[in-house]
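These are the residues of each chain, in order.
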Amino acid sequence: QVQLVESGGGLVQPGGSLRLSCAASQSIFSLNAMGWYRQAPGKERELVAGITSGGSTNYADSVKGRFTISRDNAKNTVYLQMHNLKFEDTAVYYCNARRSPIPTIQYDYWGQGTQVTVSS
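Below, the structure is looked at part by part. Every chain is numbered on its own, with residues counted from 1 as its sequence reads. Only residues with pLDDT of at least 70 are given local features in this predicted model, and only at 80 or more are side-chain atom pairs given and counted; all residues enter the totals for whole chains, interfaces and linings. Computation of side-chain values: all heavy atoms of the structure, hydrogens and water removed.

A look at the state of the cysteines
Next up, step 1: Any two cysteine sulfur atoms lying within 2.5 Å of each other are counted as a disulfide. Summed over the entire model, instances satisfying the criterion amount to 1 disulfide.
Next up, step 2: One disulfide in the model links Cys22 with Cys95; its S-S distance is 2.0 Å. Note on the Cys22 and Cys95 pair: the S-S dihedral is about -85°, so by sign convention the disulfide is left-handed. Highlighted residues: Cys22 in strand 3 (residues 18-24) and Cys95 in strand 9 (residues 91-102), separated in sequence by 73 residues.
Next up, step 3: Here's how the labels work: a residue is buried when its accessible area is under 20% of the maximum for its type, exposed when over 50%, partly exposed in between, all with a 1.4 Å probe on protein chains only. With relative accessibility at 0%, the residue Cys22 sits in the buried group.
Next up, step 4: Using a relative accessible area of 0% as the deciding quantity, one classes Cys95 as buried. Secondary structure elements follow DSSP: runs of H or I of four or more residues count as helices, runs of E of two or more count as strands, with numbering from the N terminus.

Observations regarding the pairing of strand 9
Next up, step 1: Should DSSP find at least two bridges between two strands, the strands are taken to pair. Of the strand pairs in this sheet, strand 4 (residues 33-39) and strand 9 are connected by 7 bridges, and their pairing is antiparallel. Of the residues in strand 9, the one forming a bridge with Met34 is Ala97.
Next up, step 2: Pairing of strand 9 with strand 11 (residues 114-118), which is carried by 3 bridges, proceeds in the antiparallel orientation. Its bridge partner lying in strand 11, Tyr93 is registered against Thr114.
Next up, step 3: Relative to strand 10 (residues 105-110), strand 9 runs antiparallel, the two sharing 5 bridges.

What follows is the structure, given as C-alpha cells:
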C-alpha cells in the first residue's frame, strides 16, 4: 500500500504563489506516474498535472503556463509549484500515485488532500 501525504496548502492572495508537496511512503521510482488533482465545491475532481516515471508531464488547460509539476526521487516527493494563482484555483488538491505492475492491473493511491484558498 502506498501512502501519500500532501502539504503546503493554505491561504494566498490572487497573483500569489504556493508550492504543494506530496511525500510517498515508498520510492516513487517504482510508480508509473504521479499527479495532482483538485476538487472545488460543486465540481468534479479534475486532473491538474501529471508526471510519468520517465519525466513526461501534462497539464490541464486552465493551469498551463502557471503551474509546474516536478519530482525529487531521492526524497520520494512530488511537487506542484503554482504561480499567478486565481480565485478559480481554490480547491482541495489531492496527490495521486499510479502503479501498473502488469498491463492488465492498475492501482491508484490517494492522499487526503490539502486545501488551497485564493482570496483577497
